Amino acid sequence: QVQLVESGGGLVQAGGSLRLSCAASGRTFSSYHMGWFRQAPGKEREFVAAISRSGGNTYYADSVKGRFTISRDNAKSTVYLQMNSLKPEDTAIYYCAADRTIIAGARLTLVYEYDYWGQGTQVTVSS
């Protein structure tokens, strides 16, 4: 089992940047694929970005491609989401999630594929 704790959220103006972090407990962080999702008020949780266990493969939602970068440091058991050129429509609670299945690929864009979730961190982008 793994516990996930997000940090780094906050209030930023449009065009600004934030870096989210997700720290994982346990000694098997490198065995999990990791993802970032977000949920805006009144909307369903949606995929943002994912990264494979080794960090060799990354996946992005079209809405954030070219603006957001997911990365991980397995030595620190941490996954990051660098968010640049933020827009008001990026406002949401951001969650990190861990998936213990061996296979990566497009399935990492699906909410129900993940086994563990953090509590979330609020990101608010003002216009």
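Residues numbered from 1 in each chain as written. Predicted model: local features only at pLDDT ≥ 70, side-chain atom pairs only at ≥ 80, totals over all residues. Heavy atoms only, no water.

A. Representation of the pattern of salt bridges within the structure. Scanning the model with the defined rule gives 7 salt bridges in all. The partner of Arg-38 in a salt bridge is Glu-46, with the nearest N and O atoms 2.6 Å apart. Judged by its relative accessible area of 36%, Glu-46 is partly exposed. The closest approach of N and O atoms between Asp-99 and Arg-107, which form a salt bridge, is 2.9 Å. The class for Asp-99 is buried, based on a relative accessible area of 0%. (Salt bridge = Lys/Arg side-chain N within 4 Å of Asp/Glu carboxyl O. Buried < 20%, exposed > 50% of the residue type's maximum accessible area, 1.4 Å probe, protein only.)

B. Representation of the packing of aromatic side chains in the model. Scanning all chains against the criterion turns up 5 aromatic pairs. Taken together, a centroid distance of 6.0 Å and an interplanar angle of 80 degrees make the contact between Tyr-32 and Tyr-116 edge-to-face. Residue Tyr-32 is found in the loop between strand 3 (18-24) and strand 4 (33-39), and its partner Tyr-116 is found in strand 10 (residues 116-117); the two are separated by 84 residues along the sequence. Given the relative accessible area of 15%, Tyr-116 is considered buried. By the ring-pair criterion, three or more aromatic residues cluster together here, those being Phe-37, Phe-47, Tyr-114 and Trp-117. Positioned above the aromatic ring of Tyr-95 is the side chain of Arg-45, whose terminal nitrogen or guanidinium carbon lies 3.7 Å from the ring centre. A cation over a ring is seen here: Arg-45 above Trp-117, with NZ or CZ 4.9 Å from the ring centre. (Phe/Tyr/Trp six-rings, centres within 6.5 Å; stacked < 30°, edge-to-face > 60°. Helix = DSSP H or I, 4+ residues; strand = E, 2+ residues; numbered from the N terminus. Lys NZ or Arg CZ within 6 Å of the ring centre and 35° of its normal.)

C. Local environment of the nonpolar core. Counting 37 residues, the largest nonpolar core has Leu-4, Met-34, Trp-36, Leu-81, Met-83 and Tyr-94 as the members making the most contacts within it. Secondary-structure elements contributing two or more residues to this core are strand 3, strand 4, strand 5 (46-51), strand 6 (58-60), strand 7 (68-73), strand 8 (78-83), strand 9 (92-99) and strand 11 (121-126). (Core = buried A, V, L, I, M, F, W, Y, C linked by side-chain atoms within 4.5 Å.)

D. Inspection of the sheet that holds strand 3 at higher detail. One open sheet holds the 4 strands; their spatial order is 1-3-8-7, and the pairing between them is antiparallel. Either end of the sheet is taken by a strand with one partner, and the two such strands are strand 1 (4-7) and strand 7. The mean inter-strand angle of the sheet, taken between neighbouring strand axes irrespective of direction, is 15 degrees. Across 6 bridges, the pairing between strand 7 and strand 8 is antiparallel. Each residue of the ladder has a partner; that of Ile-70, found in strand 8, is Leu-81. (Pairing = 2+ DSSP bridges. Axes fitted to C-alpha atoms, helices over the stretch in contact; angles between N-to-C directions.)

The analysis is restricted to geometry; functional conclusions fall outside its scope.
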